[in-house]
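So the chains spell out like this:
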Protein chains: 2
Amino acid sequence: MDLDSYYPKLYIDCLEESMVYEEVLKTVKENNLIEENEGIVVALSGGPDSVCLLHILHRMSKEMNLKIFAAHLNHKIRGLDAYMDSLYVMKLCEELQIPCFIRAIDVPKYCNDNKLGLEDGARKLRYEIFNEIREKLSADKIAIGHNKNDQAETVLMRIMRGTGLQGLRGIEYKREGGIIRPILDISREDIENYCKENNLSPRIDGTNLEAIYSRNKIRLKILPYMKEEFNENIVGSIVRMSKNIRVDSDYIDSQVDISYNEVCRKYEDGVYIFVDLLEKEHEAIKNRLIIKAIREVLGDVNSIDKKHIEEVLTLMGKNKNGKKINLPRGLYAYRFNDYILISLKEINYEKIEYNYEIEPGKEVYIAELGKTFKSKIVDAVDFNAETLGENVQYLDFGKIKGNITLRNRHQGDKIILRGGTKKIKELFIGMKIPREERSFVPLIVNDSNIVSVCGYRISANYLVDENTEKILEFTLE
Amino acid sequence: MDLDSYYPKLYIDCLEESMVYEEVLKTVKENNLIEENEGIVVALSGGPDSVCLLHILHRMSKEMNLKIFAAHLNHKIRGLDAYMDSLYVMKLCEELQIPCFIRAIDVPKYCNDNKLGLEDGARKLRYEIFNEIREKLSADKIAIGHNKNDQAETVLMRIMRGTGLQGLRGIEYKREGGIIRPILDISREDIENYCKENNLSPRIDGTNLEAIYSRNKIRLKILPYMKEEFNENIVGSIVRMSKNIRVDSDYIDSQVDISYNEVCRKYEDGVYIFVDLLEKEHEAIKNRLIIKAIREVLGDVNSIDKKHIEEVLTLMGKNKNGKKINLPRGLYAYRFNDYILISLKEINYEKIEYNYEIEPGKEVYIAELGKTFKSKIVDAVDFNAETLGENVQYLDFGKIKGNITLRNRHQGDKIILRGGTKKIKELFIGMKIPREERSFVPLIVNDSNIVSVCGYRISANYLVDENTEKILEFTLE
């Protein structure tokens, strides 16, 4: 009689157990969750998920030379159950010879002090404290025990509450700040079996302060009904969907990164989004470019809704120059000529000031306009007005004495036209240029004389005539 | 007393009604469902959805100069209810002066004859008959009365059964074959109100042979529970998600089209997918390129599963040359050197035949290998073996008399090496080249003498020596 037939039950148990371990190892490798020699803080509530996670990482620590620590929070400071949880956790860690850090915290007080809801506050506090412990230990990662059922429940919850591609990704295997979720591919059932097979007898998860009520409805009502009536493997199907969508979502994100580098530029006063390039992008990309620009300015996109993004996108339209949109958190979106500016600065269009010295023949970038002033000196004999580009103006270069500058209009500016002297303000009114756009129409100034209203008029004093020898061609692009 | 306060109820009713109409008009415009002057066959069951649809399109027909027809199927040929439906439909069409075509069909018989399930068979038959009527009338479109709730139910059903981005798009506004769904953005409630306001008193949808049982569980159990416990506007949230995803899915599809033109080529024997280009694509695109290639060969992708796609993708790997995968419906995927071939032809690798004449200095594309043979004649004094590319071979050009060809091995081929004459077959065995790859290693032949086993050996009779004047460099890329 060989061992296999003598211990058939044991043999089967070992195989199943080993498959959970192998599955976690696969998740860890495929998602690069853990490198060799790392230190890992396991968030240990004492419930089946975190106990299974600790046990598996403990096993993995030999193979990968990891340093495993446990961190336990006693939320319900007055509950006996919570102390029993802590005792269990201490005993388990002693058995496994894992250093264990236990903290008791008055969560309701913290939430009250920080004006947070109990659920949000508890989550925030948990991550804060785990991170504190991680830093003290100079550990690399914080491992959290979310499982496959949590994943399906989260995705279903998001679908019910309304979501998009991002939300359908579900819980991520890893997050910034070293958060990892190695057992995210393991079902609750397999976790419970693993605990049984390893005689771990975990506690019932009592310290979980998540929105138990909503989640329990999904866990105990909706999912079982769906399983019974539609799909025996409903959890697997939802998780598989979420994995497929994650691949698609990653792809779109990578395309957004490429487009962002082409379409958007960060300057000191915010992110500039160039309208002609933005217009060429697909709808799916446009929204995300605006979101990314806002994230770059604010650090995150909290309290920014879909309707705000859509509002910003209306700035692409024609006749939107000079328009301004107020967004949450003191953010503004402006349309200036060729670009949309996402900025925390409040800009008064009528008070925009700029003054650039022009060296004929050299290009000057006018940041306030997002345009480049280009000029060229040509001999009158070579000049042909008919071959000029559409927006190119020209004047008698010989009539310019001293410096030329390009600046915004000032109060009282006047230009000498063939019909006589005219106030720039009246000229703008006559040309029906809206007040908020006027600062974006630059003047070319020769000492104190207005030479040109760029793109519109040339002063009579600088016009080309039969005595002109050199001609200055110029344009704003 | 003015009319508004005298008819307050009427006023409100009119407003609501007009909003349903406006909303449908918006759907029609945004999705280009109907052009002016078109003929439209409305699939009219007599239930609220199709009756509302008919009424709205009838109104629209004046604005857009449409020709509206109704087509009604009597599925349940023995049921009294079904005859009542038909009578109702005839009466309605008479009132609206819409030509009405009624057909009675023995659906169970049709399904039996065609070996189809009742649900699939009924759907197929419906579309077949509507299309027949459309063609007889030379009409452009077939309008179907799916509504917003149907959409949410479909998406939820797909989520429960397992789906991906494509499935989450839900029902499409339009499909090939002129199928359009103008009331897909209107909720069941609004449709019922519209019918009331217009005194349409539709029949209860009795002829609907869809999988009522599953759908009713979603409609009557799951969605109401979700509405009660999670989200008052659950239908709206799911439909909004599906719309957002449609934009993302469209974007990915457009990127797939671009990549397909780069990575894949259709030739007579199937679609060639170039492995080096395929490898550079994102995971999200790779799968879809394979699917698109299969669709191009088969016309659709029925009975092709995710696991088949994954299997085809394994052909990208190293050492896969000469591998063949059997796919459903007589389809094959082959790995030949640089490409994967999706084909309905069964190809026997060992019987591949090719024979190309080589003109030194000119490039020759070897279709069977997906590679180009490049060669160059250089003077011996300019020649430096150390500066050659990795796979470049060379020989004494002066020793070649007559024609050179490049061909697959033949039985009995021999090459003269420095160690003596060797059978090509033995050489391949010695070099551990698998049997199925051997036809892809071409031989260079000078009249009847083997000059080179491309990439591996040069015959001793053609080696460069101290008397060599001209050298032929060659490579297969």
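Rules and cut-offs
- Residues numbered from 1 in each chain as written.
- Chains lettered and ligands numbered in written order.
- Predicted model: local features only at pLDDT ≥ 70, side-chain atom pairs only at ≥ 80, totals over all residues.
- Heavy atoms only, no water.
- UniProt positions renumbered as here; feature names shortened; annotations may be inferred.
- Helix = DSSP H or I, 4+ residues; strand = E, 2+ residues; numbered from the N terminus.
- Expected span 1.5 Å × (residues − 1).
- Buried < 20%, exposed > 50% of the residue type's maximum accessible area, 1.4 Å probe, protein only.
- Salt bridge = Lys/Arg side-chain N within 4 Å of Asp/Glu carboxyl O.
- Contact = heavy atoms within 4.5 Å.
- Buried area = accessible area lost by both parts, 1.4 Å probe.
- Nonpolar A, V, L, I, M, F, W, Y, C, P; charged D, E, K, R; others polar.
- Polar contact = N/O pair within 3.5 Å; in protein donor to acceptor, adjacent residues only side chain to side chain.

By the naming in an unreviewed UniProt entry, chain A is tRNA(Ile)-lysidine synthase, taken from Peptostreptococcus russellii. Its UniProt record, at the heading Sequence similarities (unreviewed entry), says of chain A: "Belongs to the tRNA(Ile)-lysidine synthase family." Of chain A, the UniProt comment under Subcellular location (unreviewed entry) reads exactly: "Cytoplasm".

Chemist: Whenever I open this one, the environment of R295 of chain B confuses me. Can you help?
Modeler: Along the polypeptide, R295 of chain B turns up in helix α13 (residues 283-298). Note: C-alpha distance between R295 of chain B and V271 of chain B (24 residues apart in sequence) is 10.0 Å.

Chemist: In this structure, what is going on with α13 of chain B? I would like to understand it.
Modeler: Every α-helix winds through 3.6 residues per turn, so residues three or four apart in the chain are directed the same way. All names here are of chain B. For α13, with 16 residues, the first-to-last C-alpha span of 23 Å sits near the 22 Å given by 1.5 Å per residue. Residues of α13 that are buried: A284, I285, K286, R288, L289, I290, A293, I294, V297 and L298. At the C-terminal side of α13, G299 shows a positive phi close to 95 degrees.

Chemist: I'm lost on the pattern of salt bridges in this one. Help?
Modeler: Note on pairing: side chains with opposite charge can pair once their charged atoms come close. Residues and elements named next belong to chain A. Evaluation of the coordinates by the stated rule reveals 65 salt bridges over all chains. Here R188 makes a salt bridge to D150, at a shortest N to O gap of 3.1 Å. With R188 in helix α9 (residues 188-197) and D150 in helix α7 (residues 148-161), this pair connects stretches of sequence that are 38 residues apart. For the pair shown, R188 and D150 are each scored as buried. For the salt bridge of K399 with D465, the shortest nitrogen-to-oxygen distance reads 2.9 Å.

Chemist: Just to check I follow, could you spell out the interface of chain A and chain B for this structure?
Modeler: Where interface size is quoted, it is often the accessible area lost as the parts come together. Counting residues at the interface gives 37 residues for chain A, matched by 37 residues for chain B. In total, chain A and chain B occlude about 3300 Å² of area from one another, counting both sides; carbon and sulfur atoms represent 69% of this. Looking only at chain A, the three residues that lose the most surface to chain B are M160, F230 and Y251 of chain A, adding up to 22% of its buried area. The interface formed by chain A and chain B contains four salt bridges. The salt bridge partner of E229 of chain B is K217 of chain A, with a shortest N-O separation of 2.4 Å. Elements supplying a minimum of two residues to the side of chain A that touches chain B: α7, α8 (165-168), α10 (212-229), α11 (234-263) and α13 (283-298) of chain A. Here the side of chain A that touches chain B takes 13 residues from α11 of chain A, the largest share from any one element. Of the residues belonging to the side of chain A that touches chain B, the class tally is 19 nonpolar, nine polar and nine charged.

Chemist: Please clarify how unusual backbone geometry should be interpreted in this entry.
Modeler: Excluding glycine, residues mostly have negative phi values, and the peptide bonds linking residues are mostly trans. One non-glycine residue, N199 of chain A, lies in the positive phi region at around 50 degrees. Take N199 of chain A: it is sitting in the loop between α9 and α10. Positive phi values are uncommon outside glycine, yet K432 of chain B reaches one of about 60 degrees. Of note, K432 of chain B is situated in the loop between α15 (424-430) and β19 (443-446).

Chemist: What is the right way to read the UniProt feature "binding site: ATP" (unreviewed entry) in chain A from this model?
Modeler: As annotated by UniProt and renumbered to match this structure, "binding site: ATP" (unreviewed entry) occupies S45, G46, G47, P48, D49 and S50 of chain A. Residue classification places G47 of chain A among the buried residues on the basis of a relative accessible area of 0%.

Chemist: Just checking my understanding: could you explain the side chain of N231 of chain B for this structure?
Modeler: Residues and elements named next belong to chain B. With respect to the element layout, N231 can be found in the loop between α10 (212-229) and α11 (234-263). Of the residues examined, N231 reaches a relative accessible area of 12% and is grouped as buried. Reaching out from N231, the side chain makes a polar contact with the backbone nitrogen of N233 at a distance of 2.8 Å.

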